[in-house]
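Remarks on the overall topology
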Amino acid sequence: MAKVFIVANLKSYKNENEAKNWLESFKKIKELNLDMTQKEVIICPSFTQLFSFSSYFSSNNIKVKLGAQNVSPFDEGAFTGEVNAKQIKDFAQYVLIGHSERRVNFGETEDMITKKIEISLKYGLNPILLIQGQENIISQQVGLVAYEPVSAIGSGNPDTPENADTMGALIKSKADGLQVLYGGSVTSANVKSFTTKANIDGVLVGGASLDAEEFIKIIQNA
Ligand code: PGA
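Residues numbered from 1 in each chain as written. Predicted model: local features only at pLDDT ≥ 70, side-chain atom pairs only at ≥ 80, totals over all residues. Heavy atoms only, no water.

1. Some thoughts on the overall build of the protein chain
Counting its regular elements, the protein chain contains eight helices and eight strands. The dimensions of the protein chain, computed from C-alpha atoms along their principal axes, are 45 × 45 × 30 Å. Put simply, the protein chain has 222 residues, and 51% of those count as buried. Considering only residue pairs separated by 6 or more positions, the protein chain has 70% of its internal contacts joining residues 24 or more positions apart. When the accessible surface of the protein chain is split by element, carbon and sulfur atoms take 50% of a total near 10,400 Å². Taken together, the 22 basic and 25 acidic charged side chains of the protein chain have centroids lying 5 Å from each other. (Helix = DSSP H or I, 4+ residues; strand = E, 2+ residues; numbered from the N terminus. Buried < 20%, exposed > 50% of the residue type's maximum accessible area, 1.4 Å probe, protein only. Contact = heavy atoms within 4.5 Å. Areas by Shrake-Rupley, 256 points an atom, 1.4 Å probe, with all protein chains shown as cover. Lys, Arg positive; Asp, Glu negative; His and termini not counted. Charge placed at Lys NZ, Arg CZ, Asp CG, Glu CD.)

2. Observations concerning the pattern of salt bridges
Summed over the entire model, instances satisfying the criterion amount to 12 salt bridges. Across the pair Lys11 and Glu101 runs a salt bridge whose closest N-O atoms are separated by 2.8 Å. With Lys11 in the loop between strand E1 (4–9) and helix H1 (16–26) and Glu101 in helix H4 (residues 100–105), the pair connects residues that are 90 residues apart, well separated along the chain. For Lys11, a relative accessible area of 17% translates into the label buried. Owing to a relative accessible area of 29%, Glu101 belongs among the partly exposed residues under this scheme. Between Lys197 and Glu162 there is a salt bridge, with its nearest N and O atoms 3.6 Å apart. Taken together, the residues Lys197 in the loop between helix H7 (191–195) and strand E8 (202–205) and Glu162 in helix H6 (residues 161–172) connect sequence positions 35 residues apart. (Salt bridge = Lys/Arg side-chain N within 4 Å of Asp/Glu carboxyl O.)

3. Focus: the side chain of Lys39
Here Lys39 shows up in strand E2 (residues 39–44). Polar side-chain contacts of Lys39 include one of 2.8 Å to the backbone oxygen of Ile219. Among the polar contacts listed, one links the side chain of Lys39 to the backbone oxygen of Gln220, at a separation of 3.4 Å. Each residue touching Lys39, except ones within four places of it in the same chain, is listed here: Lys3, Val4, Ile6, Ile219, Gln220 and Ala222. (Polar contact = N/O pair within 3.5 Å; in protein donor to acceptor, adjacent residues only side chain to side chain.)

4. Quick word on the site of the ligand
Around the ligand, the structure places 13 residues, and the nearest of them are His99, Glu148, Gly154, Ser185 and Gly207. In this structure, Lys11 approaches the ligand through a side-chain N or O atom, which is 2.8 Å from an oxygen atom. Between an oxygen atom of the ligand and a main-chain N or O atom of Gly206, the distance comes to 2.8 Å. Protein burial of the ligand: of its 280 Å² of free accessible surface, 96% is covered by the chains. (Near = heavy atom within 4 Å.)

Below is the structure:
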């Protein structure tokens, strides 16, 4: 059986102190002794917290992966303000690319998204390509795609598991071996209705992951 992906997107939330509290709460996952062999948990904090999250997880022996929420489309160089794939690779294994919030607020184009995918792969970072619908391009180079309909993001109004499954099947038909996540108002109460669908390999969680205890419940229920 393939692993279920459970991804936390902490977005642009949590300063250092809040992040520390989140980690302390998340540490309780160890007491539950969950069987994690079938679960790939990926936590995506802000760039400023990648180092502290990575140190915390290794010193507390918490077996989760880390992801960045964005990456520069350029290699290292004179690009003031950008964080590049080579830098991210020191701390993280994954990177979110193409979130609708970035496409809308930061003018990310399909061309930029392709560049971000390519540079991530060059440095051995696994891209998680976020698409909002069939209109988005799915690069042949990615293995992990997250379907996040804009109306479901942060709205408390998730897509139906049936629609998400249909979309999952459609995405999978585009390339061999693609894995598909669903994102948009996922909670501990509805996560199972998505992860039990044949064409959904996991979930991407925004708002509900900001509360570490709720995120643990999502991991448990997935
Ligand atoms: P949400 O966000 O879970 O708060 O809907 C998901 C996302 O934007 O990745």
